[in-house]
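What follows is each chain in one-letter form.
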Amino acid sequence: MKFGVVQFPGSNCDDDAHHAIGAVIGQPVEFIWHQSEQVSGFDAIILPGGFSYGDYLRTGALARFSPVMRAVDRFARAGGLVLGICNGFQILLEAGLLPGAMMRNQGLRFLCRQVHVRVENTDTPFTCRARAGQVLQIPIAHMEGNYFCDAATLSELERNGQIIFRYATPEGRVDERNREANPNGSLRAIAGISNRERNVVGLMPHPERAVELALGSADGLVIFRSMVESLTRRGAERVSA
Amino acid sequence: MATINTDIKVTPQIAAEHGLTAEEYARIQKILGRDPNFTELGVFSVMWSEHCSYKSSRVHLKRLPTTGPRVVQGPGENAGVVDIGDGLVAVFKIESHNHPSFVEPFQGAATGVGGILRDIFTMGARPIAVLDSLRFGPITSGAKAPESKAGQAARLKPCPDEPAAEELTRNRHILDGVVRGIGFYGNCFGVPTVGGEVMFEPCYANNPLVNALALGIARREELFFARAQGAGNPVIYAGAKTGRDGIHGASLLASAEFSEESQQKRPNVQVGDPFMEKLLLEACLEAMRTGAIVAIQDMGAAGLTSSSSEMASRGGLGIEIDLTRVPQRETAMTPYEMLLSESQERMLLVAERGREREVFEVFHKWGLDAVEIGRVTGDGLLRVLHDGRVAAEIPAHALAEEGPRYQRPMAAPKASATAPMRPEDFLREGADLTENFRRLLASPAIASKYWITEQYDSMVRTNTRRGPGAGDAAVLRLKGSKRALAIKTDGNGRWGFLAPRAGAMHAVAESARNVACTGARPIAATNCLNFGNPEKPEVMWQFSEAIDGIAEACRALETPITGGNVSFYNETLGKPIYPTPVLGVLGLLEDAECALGSAFCHEGDAIVLLDGGGASAGAESFSSSEYAKAIHGVVAGAPPAIDLAAEKRLIDCLVQLAGERAILSAHDVSDGGMAVTLAESCFDSEGFAADVDLGAQDAPAEAAVFGERGARAVVSLSPASLARVGAIAAQYGVKAQPIGRVTRGEFRIQYRGVPVIRGMIDSFRQAWSESLGKALGSA
């Protein structure tokens, strides 16, 4: 099993994702340079947070054109696990691997704080180790995290169980209009979604910042451990097949 | 050799317009043995500006202690360096960007952060944290006029009448721009902004202070210095292209007072691109690892001029550069403009001849320009070529090191800053202290700064163990090491104004005490000295006093100064700011697991006041307190007497208590006295309150509850540890007075057996947490 962390010019949570996977959960992990044209040999790809290409034009708008994203697109369509965190989520939206778009936070300010998200679907390779409705404390740090999509897309997301995380109170109550419970004003308090096949997930909170209690929370571990478990299961299935 | 370009004939008049005195101009003529040309005059004017040459401060700065067993590099390089064990060094420095932040708050603050970050990674260190000390004019209508008998007469001059609404709006606008600028730069660059402080005084309304500190980590053997070596080695320009922005930033913006026309200086403010800086960081660190780089310096103030002449001068060599080869983003730039441009995100490197390609490859990988623009020479000259002609030729050492040095006249003010006031002169009998406490908590200086700090990414790089508001100082773990670093900035301008020497000592002591409250031992310091016009004898006296105060305190607390910055001319329309030395103190925790926060941890825990000793209750200095200012509009008398031995005892005691895990939280007693300290330890906790009895002292209740003086900290501990903590405190000569316990619900302070403050903790928290957002929400 090998994780890959993509490095775009301006990625700045790449080291943190690498640390979380390598040093904390002890899985093999390597960086993938944005000019790579293939990602073979990797079992899961992480698009990390940061300001790829300086967020020029729009967040994620330039990164989607980098050579590595063509390879990530092929990887995702072949069923590979792709996790986009913060700017990585924004890139997945721009690349069309996930539906919808990001607007500026409702307060028009950058927000860095611990938030709570509720796990809405545990039947994904990213949440299979979580309990249904489990509340995770994971920090956010972004200026454009106000998720939006049209009504048709929203109902499709709902219907297919593609809404994976929603912002919530510490008790797990979702309240779209409450700025404490939905800090950036996201539609239906959406914090993270998947594609229809559920092998691509993007979320605004930073699970890689929540893997050690000494830094405030280890709730993000469940996401990475779910990925490891899913990949292990896939590997076992491949062997037995 | 081609001829010197003398298109514009330089006259003493033109020299004067460049801020050079007649004597300075004569000295330039003597150094060159001829008249300078126009370009050379420009170069001298920036290099000999106050900002670059420290001409007024250097004779005083010599009095600061700069050495110690951990100091690897003291002042004189891009940043200070201290050994922190495990083969690692901490690289840190603080710098001001005051004037640009007034003229253009967003870009001024952003490039202030960018500049200090470059100073850190120029030395081969990866930045791991930024802190900011900010000072603004009032953002809310302030305290009522004192209603005591002596009040009107003693009302302080620099604390003018209620500011007009438009002034408040403008101050809020400046704050908003500065905060956005700091966030814009640090968030994108990917360095956590982990702390700092914000204060408000009328004197900063037209001259806000933006002091940014950056901290980085490197392996000791991987440090880089800005010292050119090897004649014939190539000089390489890397990073952003040169434009016309920031020309004369150092000389016109940073080295002159402001007037009504200051807004016209907006073109002198640089424009920042944190994305470019992030690329530059990664490219520089990677290029350094090739081993092909000999020396490196960022192009900050005075850009190409200072980086080339300083690198040459430190190496005892010369540098020749050809401006035609400099990457440019505008056309038809003159040598004058290119040499004085302060375009951001640029580096000058000296590489090993024959290995330039390795360096170019790394920069090109990161999509950056890197071109050879010249070479190191043995003749000691900074020679600048342009279009095949010599545009300037000046001895590098003369530019970098032989600038003027002034022993400027000093004079203590004729009368002391203000007449001292006794508490009974302005306190009223029967005042409702609970109500006053609520107002104090909501005053901008005391109120929660969360509205500001949540706009900064305080967690990126996943090292932040204690971020903004979580402890007295920020605590950063070191991956791969058991140790952690603590860091804090502090400075009280009001006290500096009332008594510059004591105020400066308090700034050192409070930063160090804050660091010790996390359990870290203070090991080194950096300072940012913000003062008025040094040509005024009273300002120079304030400066000299402050230096003596810092020197004495840093010696006593064993925190040598490893670098920093002097910012003079913080005056607008002839009115100086309060003398405001800001100290950044770095501390080392041997075991990151022992790091303490300031919040109470469990209901029923004992609350103990640790007191290093010294002066008793703050009655005689009460008129200089935050409470006196915020509630009674009084700024008078002198700051509390400071006892450095007591500070040292308390620091040593706190480090020991934390190391032995005998206490669970620690918070120093500072602005707002005991009442605010206790409340803050509740606010940051999981809903706890406190019930304490301060006993009886020889002071009015208000002075006992809100009075300020050094060498005190409030700690909490399990009741079972009381005897042990008492014994450890006794070993250090520190008084440990149990004053109460951690509770839930009601917050209560008793004095002389009578409750003087009581109320539900949630209501106090609300006053404290909402006020800044309310004031600034619409900024």
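Conventions adopted
Residues numbered from 1 in each chain as written. Chains lettered and ligands numbered in written order. Predicted model: local features only at pLDDT ≥ 70, side-chain atom pairs only at ≥ 80, totals over all residues. Heavy atoms only, no water. Helix = DSSP H or I, 4+ residues; strand = E, 2+ residues; numbered from the N terminus. Buried < 20%, exposed > 50% of the residue type's maximum accessible area, 1.4 Å probe, protein only. Contact = heavy atoms within 4.5 Å. Areas by Shrake-Rupley, 256 points an atom, 1.4 Å probe, with all protein chains shown as cover. Lys, Arg positive; Asp, Glu negative; His and termini not counted. Charge placed at Lys NZ, Arg CZ, Asp CG, Glu CD. Domains from an automatic or database assignment. Buried area = accessible area lost by both parts, 1.4 Å probe. Salt bridge = Lys/Arg side-chain N within 4 Å of Asp/Glu carboxyl O. Nonpolar A, V, L, I, M, F, W, Y, C, P; charged D, E, K, R; others polar. Axes fitted to C-alpha atoms, helices over the stretch in contact; angles between N-to-C directions. Left-handed = near helix turned anticlockwise from the far one by under 90°. 1 Å grid on protein atoms, 1.4 Å probe; cavity = no way out; pocket = protein on both sides within 12 Å on 5 of 7 lines; lining within 4 Å. Points joined across faces, edges and corners; volume = space filled by probe spheres on them. Parallel < 35°, antiparallel > 145°, perpendicular 65-115°, else oblique. Expected span 1.5 Å × (residues − 1). Core = buried A, V, L, I, M, F, W, Y, C linked by side-chain atoms within 4.5 Å. pLDDT = per-residue confidence, 0-100. Phe/Tyr/Trp six-rings, centres within 6.5 Å; stacked < 30°, edge-to-face > 60°.

Colleague: Explanation requested: the overall build of chain A in the structure shown.
Modeller: If you tally the helices and strands in chain A, you get 5 helices and 11 strands. Principal-axis analysis of the C-alpha atoms places the extent of chain A at approximately 45 × 40 × 40 Å. Considering chain A as a whole, with its 241 residues, one finds that 61% of them fall into the buried category. Considering only residue pairs separated by 6 or more positions, chain A has 76% of its internal contacts joining residues 24 or more positions apart. Surface accessibility of chain A: about 9200 Å² in total, with carbon and sulfur atoms responsible for 48%. If the 25 positive side-chain charges of chain A are averaged to one point and the 25 negative ones to another, these points end up 4 Å apart.

Colleague: Can you help me understand the domain arrangement of chain B in this one?
Modeller: A common way to express how large an interface is: the accessible area buried when the components associate. Residues and elements named next belong to chain B. Domain boundaries assigned for chain B yield domain 1 (12–55 + 225–401) and domain 2 (71–216 + 429–776). Between the C-alpha centres of domain 1 and domain 2 there is a distance of 37 Å. In this complex, domain 1 contributes 42 residues to the contact, which on the side of domain 2 involves 42 residues. With both chains or domains summed, domain 1 and domain 2 bury close to 3500 Å², and 57% of this area falls on carbon and sulfur atoms. Remark: the boundary between domain 1 and domain 2 carries 3 salt bridges. Put simply, Glu282 and Arg126 hold a salt bridge, and the shortest N to O gap is 2.9 Å. Looking at which element gives the most residues to the side of domain 1 that touches domain 2, the answer is helix 11 (residues 274–289), with 10 residues. Its residues assigned to classes, the side of domain 1 that touches domain 2 comprises 19 nonpolar, 9 polar and 14 charged.

Colleague: So what exactly am I meant to see when it comes to the environment of B:Pro69 here?
Modeller: Residue and element names in this part refer to chain B. Looking at where Pro69 falls in the secondary structure, it is placed in the loop between helix 5 (58–61) and strand 1 (71–73). With a relative accessible area of 89%, Pro69 lands in the exposed category. Along the primary structure Pro69 and Pro560 are separated by 491 residues, whereas in three dimensions their C-alpha atoms are 9.7 Å apart.

Colleague: Which parts of the structure should I look at to understand the packing of helix 7 (residues 105–121) of chain B against helix 9 (residues 165–189) of chain B?
Modeller: A pair of packed helices is captured by two measures, namely the crossing angle of their axes and the spacing between those axes. Residue and element names in this part refer to chain B. Viewed as axis vectors pointing N to C, helix 7 and helix 9 meet at an angle of 35°, and their least axial separation amounts to 7 Å. Here helix 7 runs over helix 9; the crossing is right-handed. Contact with helix 7, carried on its side by Pro105, Phe106, Ala109, Ala110, Val113, Gly114, Leu117, Arg118 and Phe121, involves Ile174, Gly177, Val178, Arg180, Gly181, Ile182, Phe184, Tyr185, Gly186 and Phe189 of helix 9 and no other residues of that element. Considered class by class, the residues forming the contact of helix 7 with helix 9 number 13 nonpolar, 4 polar and 2 charged.

Colleague: What exactly am I supposed to notice about the pattern of salt bridges here?
Modeller: Pairing between side chains of opposite charge can happen when their charged atoms approach one another. Within the structure shown, the criterion is met by 72 salt bridges over all chains. A salt bridge links A:Glu30 to A:Lys2; its shortest N-O distance comes to 3.5 Å. In this pair, A:Glu30 sits in strand 2 (residues 29–33) while A:Lys2 sits in the segment before strand 1 (3–7), placing the two residues 28 residues apart along the sequence. Among the residues examined, A:Glu30 registers a relative accessible area of 38% and is labelled partly exposed. Assessed through its relative accessible area of 22%, A:Lys2 is described here as partly exposed. Sharing partners across several salt bridges, the network here consists of B:Glu320, B:Arg375, B:Asp379, B:Arg383 and B:Glu393.

Colleague: It is not clear to me how empty space enclosed by the protein should be interpreted in this structure. Could you clarify?
Modeller: Once rolled over the atoms, a probe with the size of a water molecule shows which space is left empty. Residue and element names in this part refer to chain B. With the rule as written, the count across this model stands at 4 cavities of 30 Å³ or more. Estimates place the volume of the largest cavity at around 60 Å³. Lining the largest cavity are Asn492, Trp495, His506, Glu510, Arg513, Val669, Ser670, Asp671, Glu708, Arg709 and Gly710. Counting residues per element, the lining of the largest cavity draws most heavily on helix 20 (residues 500–517), which supplies 3 residues. Around the second largest cavity sit 11 residues that line it, and Gly613, Ala641, Ile642, Asp643 and Gly710 are the ones nearest its centre. Residues of the lining of the second largest cavity, tallied by class, amount to 4 nonpolar, 4 polar and 3 charged.

Colleague: Where do I start with the side chain of B:Thr489 in this structure?
Modeller: Residue and element names in this part refer to chain B. The topology assignment puts Thr489 in strand 16 (residues 484–490). Among the residues examined, Thr489 registers a relative accessible area of 0% and is labelled buried. Those residues within four positions of Thr489 in sequence are excluded, and the remaining contacts are Ile94, Leu131, Asp132, Ser133, Gly196, Glu197, Leu213, Ser511, Val582, Leu583 and Gly584.

Colleague: In this structure, what is going on with the packing of helix 20 of chain B against helix 23 (residues 644–659) of chain B? I would like to understand it.
Modeller: Residue and element names in this part refer to chain B. Between helix 20 and helix 23, the shortest axis-to-axis distance is 9 Å and the interhelical angle comes to 15°. Here helix 20 is positioned roughly parallel relative to helix 23, judged by the angle of their axes. For the element pair helix 20 and helix 23, the recorded crossing hand is left-handed. In this structure, helix 20 uses Met505, Ala509, Ala512, Arg513, Ala516 and Cys517 to contact helix 23, whose residues at the interface are Leu644, Glu647, Leu650, Ile651, Leu654 and Val655. Taken together, the residues that form the contact of helix 20 with helix 23 break down as 10 nonpolar, no polar and 2 charged.

Colleague: What is the right way to look at helix 20 of chain B in this model?
Modeller: Each α-helix winds once per 3.6 residues, and so residues spaced three or four apart point in a common direction. All names here are of chain B. In a regular helix each residue adds 1.5 Å, so 18 residues correspond to 26 Å; helix 20 covers 25 Å between its end C-alpha atoms and thus fits that length. Within helix 20, 17 of the 18 residues are buried, which leaves the element mostly enclosed by the surrounding structure. A positive backbone phi angle near 100° is found at Gly519, which sits one or two residues after helix 20.

Colleague: Would you mind showing me how to read the environment of B:Ile8 here?
Modeller: The topology assignment puts B:Ile8 in the segment before helix 1 (12–17). The contacts of B:Ile8, once residues within four sequence positions are left out, are B:Ile14 and B:Phe38.

Colleague: What is the right way to look at the nonpolar core in this model?
Modeller: Where a protein is soluble and globular, its nonpolar side chains tend to be buried together. Within the largest apolar cluster, 72 residues are counted, with the highest numbers of intra-cluster contacts made by A:Ile45, A:Leu83 and A:Phe165. Broken down by element, this core gets its largest block of residues, 7 residues, from helix 5 (residues 221–240) of chain A. Counting residues in hydrophobic clusters, the runner-up holds 71 residues, among them B:Val191, B:Ala212, B:Leu281 and B:Ile296.

Colleague: Just to check I follow, could you spell out the environment of B:Ala556 for this structure?
Modeller: All names here are of chain B. Residue position: Ala556 is located in helix 21 (residues 537–557). Counting along the chain gives 91 residues from Ala556 to Glu647, while the straight-line C-alpha distance between them is 8.9 Å. With near-sequence residues (within four places) excluded, Ala556 lies in contact with Leu644 and Lys648.

Colleague: Explain the interface of chain A and chain B to me, please; I cannot follow it from the model alone.
Modeller: The interface is formed by 27 residues belonging to chain A together with 31 residues belonging to chain B. For the chain A and chain B pair, buried surface summed over both sides reaches about 2500 Å², with 55% attributable to carbon and sulfur atoms. Joining chain A to chain B, the criterion identifies 5 salt bridges. One salt bridge connects A:Asp15 with B:Arg461, and the closest N-O pair in it is separated by 3.0 Å. Mapped by element, the contributors of at least two residues to the side of chain A that touches chain B are helix 1 (14–24), strand 6 (111–119) and strand 7 (135–142) of chain A. Tallying contributions element by element places strand 6 of chain A first for the side of chain A that touches chain B, with 4 residues.

Colleague: So what exactly am I meant to see when it comes to the confidence of the model for chain B here?
Modeller: Atom-level detail of predicted coordinates should not be read off regions where pLDDT is low. Residue and element names in this part refer to chain B. Per-residue confidence for chain B gives a mean pLDDT of 92, with 93% of residues at or over 70. Note on residues 1–6: pLDDT under 50 across the span, and 17 contacts to partners over four residues away in sequence or across chains. Contacts from residues 144–160, a stretch scored under 50 in pLDDT, to residues over four places away or in other chains number 36 contacts. This complex was scored by the predictor with a pTM of 0.95 and an ipTM of 0.97.

Colleague: What am I meant to see in the packing of aromatic side chains here?
Modeller: What describes a pair of aromatic rings is the distance from one ring centre to the other and the angle between the planes of the rings. All names here are of chain B. All told, the structure shown has 20 aromatic pairs over all chains when counted by the stated rule. A ring pair is formed by Phe136 and Phe200, whose centres lie 6.4 Å apart and whose planes are at 35°; its orientation type is tilted. Of this pair, Phe136 sits in strand 4 (residues 126–136) while Phe200 sits in strand 5 (residues 193–200), and the two are 64 residues apart along the sequence. Neither residue differs from the other here; Phe136 and Phe200 are each classed as buried. Seen from their ring centres, Phe497 and Tyr578 are 4.8 Å apart, and the 20° between their planes marks the pair as stacked.

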